[in-house]
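Letter by letter, the chains look like this.
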Amino acid sequence: QVQLVESGGGLVQAGGSLTLSCAASGTIFNIGSMGWYRQAPGQPRESVADITHSGSKTYADSVKGRFTISRDNVKNTLFLQMNSLKPEDTAVYYCHAVPRFGFGEYWGQGTQVTVSS
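Per chain, residue numbering runs from 1 following the sequence as it is written. Per-residue local features are limited, in this predicted model, to residues with pLDDT of at least 70; the limit for side-chain atom pairs, both in listing and counting, is 80 or more; totals at the level of whole chains, interfaces and linings are taken over all residues. Values reported for side chains reflect all heavy atoms of the structure, with hydrogen atoms and water molecules removed beforehand.

Student: What is the right way to look at the pattern of salt bridges in this model?
Tutor: Oppositely charged side chains can form a pair if their charged atoms are brought close together. Salt bridges are identified by distance alone: a Lys or Arg side-chain nitrogen within 4 Å of an Asp or Glu carboxyl oxygen. A full pass over the atoms with the stated rule returns four salt bridges. Among the salt bridges present, the one from Asp-89 reaches Arg-38, with a minimum N-O distance of 3.0 Å. With Asp-89 in the loop between β8 (77-82) and β9 (91-99) and Arg-38 in strand β4 (residues 31-39), this residue pair connects regions lying 51 residues apart in the sequence. Both residues of the pair, Asp-89 and Arg-38, belong to the buried class. In this structure, Asp-61 engages Lys-64 in a salt bridge whose closest nitrogen and oxygen atoms are separated by 3.1 Å. Working definition: with a 1.4 Å probe on protein chains only, accessible area under 20% of the residue-type maximum means buried, over 50% means exposed, and in between means partly exposed. Using a relative accessible area of 66% as the deciding quantity, one classes Asp-61 as exposed. Runs of E in the DSSP output that reach at least two residues are strands. Runs of H or I that reach at least four are helices, and both are numbered from the N terminus.

Okay, structure coming up:
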């Protein structure tokens, strides 16, 4: 079984930066693709960024050029560097992972990001 724990959320003014971290533990073999999702009040959960085991990255159009996803495959840790934050980035951010081998998916508990105008 795999556990994901997010950290790094907080309150920041528009234009500021935050870095989120997600630590994976209890992993059998390797974690495959990992990604960040977010959910604002009254809105569906949406994909923000994704990174494969080999390092290929994809981003939602709304965050391209502002957010950077990265990972440390030795420590099984995922990061999201968020720059030029906007009030519309306010949401609970969730870490997500799938196993490189086997089936299933894993979710963290989420961390709150609030961007004030």
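Now that the structure is up, let's keep going.
Student: I'm lost on the pairing of β9 in this one. Help?
Tutor: Along any regular strand, the residues point their side chains to alternate faces of the sheet. The buried fraction of β9 amounts to seven of the nine residues, a majority that puts the element mostly inside the structure. Where β4 lies against β9, seven bridges are found, and the strand directions are antiparallel. What sits directly across from Ile-31, in β9, is Pro-99. Paired strands, in this sense, are two strands between which DSSP finds at least two bridges. Examined bridge by bridge, β9 and strand β11 (residues 111-116) share three bridges and lie antiparallel to one another. Bridging across to β11, Ala-91 finds its partner in Val-113. In this sheet, strand β10 (residues 106-107) lies alongside β9 in antiparallel orientation, the contact comprising two bridges. Bridged to His-96 within β10 is Trp-107. From the end of β9 to the start of β10, which pair antiparallel, there are six residues, and Gly-102 there has a positive phi angle of about 95°.

Student: Help me out: how do you make sense of the side chain of Arg-66 in this one?
Tutor: Looking at the element boundaries, Arg-66 is found in the loop between β6 (57-59) and β7 (67-72). By the criterion applied in these results, polar contacts are pairs of N or O atoms within 3.5 Å in which, for protein atoms, one can donate a hydrogen and the other can accept it, and in which residues neighboring in sequence qualify only through two side-chain atoms. Engagement of the side chain of Arg-66 in a polar contact is seen with the backbone oxygen of Ser-62, the distance being 2.9 Å. Other than its neighbours up to four places away in sequence, Arg-66 contacts Gln-81, Met-82, Asn-83, Ser-84, Leu-85, Lys-86 and Asp-89. Two residues qualify as a contact provided that any one of their heavy atoms is within 4.5 Å of a heavy atom in the partner residue.

Student: Would you explain the state of the cysteines in this entry?
Tutor: As used here, a disulfide is simply a covalent bond connecting the sulfur atoms of two cysteines. Defined by distance alone, a disulfide is two cysteine sulfur atoms within 2.5 Å. Throughout the structure, instances matching the rule amount to one disulfide. Put simply, Cys-22 and Cys-95 are joined by a disulfide, and their sulfur atoms are 2.0 Å apart. Classification of the bridge connecting Cys-22 and Cys-95 rests on its S-S torsion, roughly -80°, and on that basis the disulfide is left-handed. Taken together, the residues span a long stretch of sequence, with Cys-22 in strand β3 (residues 18-25) and Cys-95 in strand β9 at a distance of 73 residues. Across the pair, Cys-95 and Cys-22 agree in class, each one buried.

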